[in-house]
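# Summary of structural features
Take a look at the letters that make up each chain.
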Amino acid sequence: AVGGPASSPLFPTARLINLSCRSVVGAGENALIAGVVIADTGEKRYLFRGVGPALAPYGLTNFVPDPQLAIFSSKGTELFRNNGWESGPDSTKMASYSSSVGAFPLAAGSRDSALANELTNGAYTVQMTTPSAKSGVGLIELYELESSGRTVNLSTRAQVGAGDGVLIGGFVVQGPAFKRMLVRAIGPTLEAFGVNGALRDPIVTIYAGQTVVATNDRWESATNLAAVNAATSFVGAFKLAPNSEDAALLVTLRPDAYTVKVSGKNDSTGVALLEIYEVP
C-alpha cells in the first residue's frame, strides 16, 4: 500500500519514487543545493548519490571531478557526509542498492559519492560541493529504498548557464493513477530574498523522453493561472512577484519518468531555483 492518510489499499495514489537535479557545481556559494521534504512516515531510507566522474560514459567531459555530498537537517545541522562512495559505512551495499532502484553503476575507484540513510519525517537539504574547487557539472540523485511514506517535493538552487550548464531536474511518477505536479523556475523573485545575480528570464520545460509535455516562459501567461495560484497556496510555496518573468506549470501527469529543464531566455545566465511539488 502507498503510505499517507490520502491513500490506502482501496484508494491507491501515484507517488514520486525518485528525484534528481543536474547543474554546474563550484566552490562556496556555487554549490549545487537541493531540498527534499518527506511526509507520512516515521522514518524512510533513501539512496543519495553525488555523481561527477560517472557522467563521462554519457559523453560529458566537463564533470566535477570530486563531488562531495552532504545532508543537512532543516535547522542546518550536518547529518551525513561522503566523498568517495567506496569509503562510507554502507559501501559494500551501494552496488546492490543502485541495482535495485535501476541506477547506473558507479565505477570502482571513482570519486563519485553516495549515502544510504534513514531520514525521519521533515525537510532536508542535500548539498554537492567540490573540495578541490574544480568546478564542473554534477548530478544529485535521490532514490527510495522503501515504500513507506511519501517524497513530496524537490527544490534545487543553482547557477544556470548555457549548453551543458542549464539546470536539469528529474522525477519519476509511479502508481495506478495520474498525479498533479506544480513545477516552478524562479529567477527575478529571488532578489526579494537577497539573492544576487538571479536569472532574469527563466524558461521551464517538462519532457517525457524527448517529447515536450509543457513549457512556460512567464508564470502569469499560464492558461490555468487561477489553478496555479491555488496550488501554490496549497503546497505552501511563496508567491511569485506580479509581472515577473518567473515561470510556472501546473500539469497532470501519467506514471512515467520526466525531465525538467530550466534555461535562460536567449542563453542568459544567473542563479535560479527549480521547485517540483506534488499537489494532492
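Because the structure is a prediction, the values reported are computed rather than measured.

Rules used in this analysis
Residues numbered from 1 in each chain as written. Predicted model: local features only at pLDDT ≥ 70, side-chain atom pairs only at ≥ 80, totals over all residues. Heavy atoms only, no water. Helix = DSSP H or I, 4+ residues; strand = E, 2+ residues; numbered from the N terminus. Rg over C-alpha atoms; globule rule 2.2 N^0.38 Å. Buried < 20%, exposed > 50% of the residue type's maximum accessible area, 1.4 Å probe, protein only. Contact = heavy atoms within 4.5 Å. Areas by Shrake-Rupley, 256 points an atom, 1.4 Å probe, with all protein chains shown as cover. Lys, Arg positive; Asp, Glu negative; His and termini not counted. Charge placed at Lys NZ, Arg CZ, Asp CG, Glu CD. Core = buried A, V, L, I, M, F, W, Y, C linked by side-chain atoms within 4.5 Å. Salt bridge = Lys/Arg side-chain N within 4 Å of Asp/Glu carboxyl O. pLDDT = per-residue confidence, 0-100.

Along the protein, the regular secondary structure elements total 2 helices and 14 strands. Its C-alpha atoms give the protein a radius of gyration of 18 Å, near enough to 19 Å, the size a compact globule of 280 residues would have. With the C-alpha coordinates aligned to their principal axes, the bounding extent of the protein is approximately 50 × 50 × 40 Å. Counting across all 280 residues of the protein, residues that qualify as buried make up 53%. Considering only contacts in the protein between residues 6 or more positions apart, those separated by 24 or more positions represent 81%. Of the accessible surface of the protein, which amounts to about 12,200 Å², a share of 53% is contributed by carbon and sulfur atoms. Distance from the positive charge centre (21 side chains) to the negative charge centre (23 side chains) of the protein: 2 Å.

Below, the discussion takes up the nonpolar core. Of all hydrophobic cores here, the largest spans 45 residues; its most connected members are F48 and F171. Counting residues in hydrophobic clusters, the runner-up holds 17 residues, among them I186, V195, A237 and L240.

Bringing the side chain of N82 into the picture now. Following the sequence through the fold, N82 ends up in strand 4 (residues 78-82). Once residues lying within four places of it in the same chain are set aside, the contact partners of N82 are P67, Q68, L69, S87, G88, S113, A114 and L115.

With that out of the way, let us pick up the side chain of T156. Assignment of secondary structure puts T156 in strand 7 (residues 150-160). Leaving out residues up to four positions away in the same chain, T156 has contacts with C21, L32, I33, A34, L167, A272, L273 and L274.

Attention now goes to the pattern of salt bridges. Using the criterion set out here, one finds 13 salt bridges in the structure. When the shortest N-O distance is used, the salt bridge between E275 and R184 registers 2.7 Å. Of this pair, E275 sits in strand 14 (residues 270-279) while R184 sits in strand 9 (residues 179-186), placing them 91 residues apart in sequence. Both residues of the pair, E275 and R184, count as buried. Measuring nitrogen to oxygen at the nearest pair gives 3.9 Å for the salt bridge that ties R254 to D256. Among the residues examined, D256 registers a relative accessible area of 30% and is labelled partly exposed.

In this section: the environment of G264. Take G264: it is sitting in strand 13 (residues 256-264). Sequence-wise, G264 and I206 are 58 residues apart; in three dimensions their C-alpha atoms are separated by 15 Å. In this structure, G264 is in contact with V160, L199 and D201, ignoring residues within four places of it in sequence.

Before going further, it helps to spend a moment on unusual backbone geometry. Positive phi values are uncommon outside glycine, yet N266 reaches one of about 60°. By the element assignment, N266 lies in the loop between strand 13 and strand 14. Of note in the backbone geometry, D267 takes a positive phi value of approximately 60° without being a glycine. Within the secondary structure, D267 is located in the loop between strand 13 and strand 14.

Taken over all residues, the pLDDT of the protein has a mean of 91, while the share at 70 or more is 95%. With pLDDT under 50 throughout, residues 1-11 is counted as low confidence; its partners more than four residues away or in other chains account for 16 contacts.

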